[in-house]
Amino acid sequence: MNLSMRIEKSKGSARARSERLNSSFHTAADNVIKGNTARHHYTGQTLADENMRGMGTKSYKRGADNFQKVNSPQRIELPIYFNTPRRFDLSPKMKQRTQSVDIGPKSEMANTIALKSSDPTRIVNSKRRLKDYGILAFACKRAGKLRDEGRSYYSMGVLCDNVGKFHEGIAHYQKFLDICKKIGDQHGEALAYNCIAVNYQYLGEHANVKYYEEAIQYHNKHKELADIAGKFIAHVNLGIIYEKMGNQERSSINHQFALRYAVQMSSVQGQGVAIGNLGKIGTTEIRGDGSKMKMFIEKYIDLCGEVRDRKAEGGAYLALGHLSQTQKEYGLSSKNYYRALKISEETGDSDTHMKAKCHFGVANGQLKMNDHMRSILKSLDSEGS
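Analysis parameters
- Along each chain, numbering runs from 1 in the same order as the chain's sequence is written.
- With pLDDT at 70 or above as the cut-off, local features in this predicted model cover only qualifying residues; side-chain atom pairs require 80 or more to be listed or tallied, and sums for whole chains, interfaces and linings still use all residues.
- Note that the side-chain values use all heavy atoms of the structure and ignore hydrogens as well as water.
- Only the stretch in contact is used when a helix axis is fitted, and all axes are lines through C-alpha atoms; the angle between N-to-C directions ranges over 0 to 180 degrees.
- Numbering of helices and strands runs from the N terminus; a helix is a DSSP stretch of H or I covering at least four residues, while a strand is a stretch of E covering at least two.
- We call two directions roughly parallel when the angle between them is under 35 degrees, roughly antiparallel when it is over 145, roughly perpendicular when it lies between 65 and 115, and oblique otherwise.
- Crossing handedness follows the turn of the near helix against the far one: under a right angle anticlockwise gives a left-handed crossing, and clockwise gives a right-handed one.
- In what follows, a contact means two residues having at least one pair of non-hydrogen atoms within 4.5 Å.
- Three residue categories are used. Nonpolar comprises Ala, Val, Leu, Ile, Met, Phe, Trp, Tyr, Cys and Pro, charged comprises Asp, Glu, Lys and Arg, and polar comprises the others, including Gly.
- Joining through side-chain atoms within 4.5 Å is the link that ties buried Ala, Val, Leu, Ile, Met, Phe, Trp, Tyr and Cys residues into a set, and such a set is a nonpolar core.
- A simple rule labels every residue: compare its accessible area, found with a 1.4 Å probe on the protein chains alone, to the largest value its type can have, and call it buried under 20%, exposed over 50%, or partly exposed in between.

(A) Representation of the packing of helix α12 (residues 310-326) against helix α13 (residues 330-347) within the structure. In contact at an axis separation of 8 Å, α12 and α13 are set at 160 degrees when each is read in the N-to-C sense. Of the possible angle classes, the one that applies to α12 and α13 is roughly antiparallel. Crossing angle aside, the handedness with which α12 passes α13 is left-handed. Where α12 approaches α13, its residues R310, K311, E313, G314, Y317, L318, L320, G321, H322, S324 and Q325 are matched on the opposing element by Y330, L332, S333, N336, Y337, R339, A340, I343, E346 and T347. Among the residues forming the contact of α12 with α13, the class breakdown is eight nonpolar, eight polar and five charged.

Take a look at the structure:
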């Protein structure tokens, strides 16, 4: 086969691959964006609305698990019928930062957040699909199909995120953002701001705290553009960032705004996330007004019961035990730790189980010591009289 024939064959293969990818989501997604279908069109709903409507249901679409987590960045996700790549939750797999290091785009290693366990198949598939979406983006650009080009860049961003390449993901989301601005797609623009902001948030948490400032900037841009559901997401994320930066006042203000918006939307799980963040559920340090904190945690426990989230309920009782212990209410503290212990046994939550067991023993020891000291003082009083 001569050179010209090989070139033509290569071009034909690339065109065919581009057409296959394009047809996989072009018709459905383009109709959704343009509002040409009766089944999947926006009736005044934003992408954030689409996400929020699923909160509180166990069968919710991809990415819903993120909404169930306290102290976890909240992402806006495209609905499943857009047929874009599935986003994976990398939070449990990210290695914690041990020191501040500047991770920049100098090399592939420097551009990647280390993961505790990486799936080789996922990495290979991501690289292959990145190449495919790159071809599709180029083809759409030449054909003048800006919406499809933008969706290709968004898809490339998700694929980069799935293997911890957050800098590369940001670069693709920036291209997606530019196209959304060009065509006046505010839904897409809000989505892009959220994606960029959360990526910077992860970089701030796992690479260098300087990225938090970038994250704050983009979350604020998202908040300014968003409706109530989007503002809820932006405030949750801002609250988490400020808490990480040690600014408890700003963190509390943002979580209170998030709670207000969740109440307005009648979102039970949204309220749970906001109240959980306010009460610092899942952390070992309780700050602020004890009575107010107790109210937040007890309300969170009620909400966990409504959505049948037993694991979160166990974490809440653990936090309530910490609070009772700091207030020297050792009897109440023991009861809360015991509840956390039993629930964690039921749910298989080994981390909560270990903490609850340890603190239950300490609280019981403190309770018995107090009783012992009171009996000694009582006997001394009786001898003195």
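Structure's up, so let's keep going.
(B) Layout of the nonpolar core. Grouped together as the largest cluster of nonpolar side chains are 74 residues, with contacts concentrated most on Y154, Y200, F232 and I297. Among the elements that make up this core, the one with the highest residue count is helix α6 (residues 186-206) (10 residues).

(C) Focus on the side chain of S155. Checked against the element boundaries, S155 lands in helix α4 (residues 146-161). Here S155 falls in the buried class, since its relative accessible area comes to 0%. When sequence neighbours within four positions are dropped, the list of residues in contact with S155 reads T84, P85 and Y133.

(D) Structural context of unusual backbone geometry. Although it is not a glycine, S266 sits at a positive phi angle of roughly 55 degrees. As for its position among the elements, S266 is in the loop between α9 (248-264) and α10 (268-278). Residue K328 is not a glycine yet carries a positive backbone phi of 60 degrees. Inspection of the secondary structure puts K328 in the loop between α12 and α13.

(E) How the structure looks around the environment of V163. Mapped onto the elements of the fold, V163 is located in the loop between α4 and α5 (166-183). Separated by 37 residues in sequence, V163 and S126 place their C-alpha atoms 7.7 Å apart.

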